[in-house]
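A closer look at the structure
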Amino acid sequence: GAVVSQHPSWVICKSGTSVKIECRSLDFQATTMFWYRQFPKQSLMLMATSNEGSKATYEQGVEKDKFLINHASLTLSTLTVTSAHPEDSSFYICSAPWTGPPGELFFGEGSRLTVL
Amino acid sequence: AQKVTQAQTEISVVEKEDVTLDCVYETRDTTYYLFWYKQPPSGELVFLIRRNSFDEQNEISGRYSWNFQKSTSSFNFTITASQVVDSAVYFCALVQGGKLIFGQGTELSVKP
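Residues numbered from 1 in each chain as written. Chains lettered and ligands numbered in written order. Predicted model: local features only at pLDDT ≥ 70, side-chain atom pairs only at ≥ 80, totals over all residues. Heavy atoms only, no water.

Looking now at the sheet that holds strand 8 (residues 76-81) of chain A. All names here are of chain A. The strand order across the open sheet formed by 4 strands is 1-3-8-7, and the pairing between neighbours is antiparallel. Strand pairing shows two members of the sheet lacking a second neighbour, strand 1 (4-7) and strand 7 (67-73), which therefore form its edges. Mean inter-strand twist for the sheet, computed between neighbouring axes without regard to direction, equals 15 degrees. (Pairing = 2+ DSSP bridges. Helix = DSSP H or I, 4+ residues; strand = E, 2+ residues; numbered from the N terminus. Axes fitted to C-alpha atoms, helices over the stretch in contact; angles between N-to-C directions.)

What follows is about a nonpolar patch on the surface. Taken together, A:Trp10, A:Ile12 and A:Leu116 make up a surface patch of nonpolar side chains, about 400 Å² in accessible area. As for its placement among the helices and strands, A:Trp10 is situated in strand 2 (residues 10-13). (Patch = residues over 30% accessible without salt bridge, like charges linked within 9 Å, V, L, I, M, F, W, Y side chains within 5 Å. Areas by Shrake-Rupley, 256 points an atom, 1.4 Å probe, with all protein chains shown as cover. Salt bridge = Lys/Arg side-chain N within 4 Å of Asp/Glu carboxyl O.)

Where two aromatic rings form a pair, the distance of their centres and the angle of their planes describe that pair. Tallied over the entire structure, the rule returns 19 aromatic pairs over all chains. Aromatic pair A:Phe28 and A:Phe106: ring centres 6.0 Å apart, planes at 55 degrees, arrangement tilted. Here the residue A:Phe28 occupies a position in the loop between strand 3 (19-25) and strand 4 (32-38), and A:Phe106 occupies one in strand 10 (residues 105-107), the gap between them amounting to 78 residues. Both residues of the pair, A:Phe28 and A:Phe106, belong to the buried class. With centroids separated by 6.2 Å and ring planes inclined at 65 degrees, the aromatic side chains of B:Phe35 and B:Phe47 adopt a geometry described as edge-to-face. Within this pair, whereas B:Phe35 is found in strand 5 (residues 33-39), its partner B:Phe47 is found in strand 6 (residues 46-52), the two being separated by 12 residues in sequence. Exposure remark for B:Phe47: the relative accessible area of 35% places this residue in the partly exposed category. Three or more aromatic residues joined by ring pairs make a cluster, and in this case those are A:Tyr36, A:Phe107, B:Phe35, B:Tyr37, B:Phe47, B:Phe91 and B:Phe102. (Phe/Tyr/Trp six-rings, centres within 6.5 Å; stacked < 30°, edge-to-face > 60°. Buried < 20%, exposed > 50% of the residue type's maximum accessible area, 1.4 Å probe, protein only.)

What follows is the structure, given as structure tokens:
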């Protein structure tokens, strides 16, 4: 069945460095992908909608320059956390809608970012 | 505004007990979709069910059942004869503009 793959599963980096997270749809094309962030013991909050061939749409309060999103192809979206700081440490999850019923989303495995 | 509320932050039960997780939603849309997801400690989201607003029939899948009540804007989830493997965080979610809006989640702990 349709699968969304996310890489890396976990990453530890030093404060001030940039980290890239990839989200791939493995056997279907996704013109749109969603990026969520989840802090410990909290819910998933939508950060942005990634659109193939155009700019991402960011949710209110999410810094565009901090979280760079590039939807390079119909199967790949990347999230780059620039100049990461400890407060950016979180679980990042991507999802892609399938051409099935409205709202049906496939989720990646998630990427746990720890900034030291 | 669209909103999903899961009032129970944490629930702890003993194995074989039945447990109900509550979900209340707000939407101005006449057509909408509701979901339940399970998030085990490993972090991945596991899809459990999707329900559209036109279908108010309750659904049962093995030990899982769902009670959708439009009149009270609720979509509650019951696990019968709970097992330790059911321990996880459960999220209720509502679709808005193709995007999922999640509730706060309920952490279920099933003890042996």
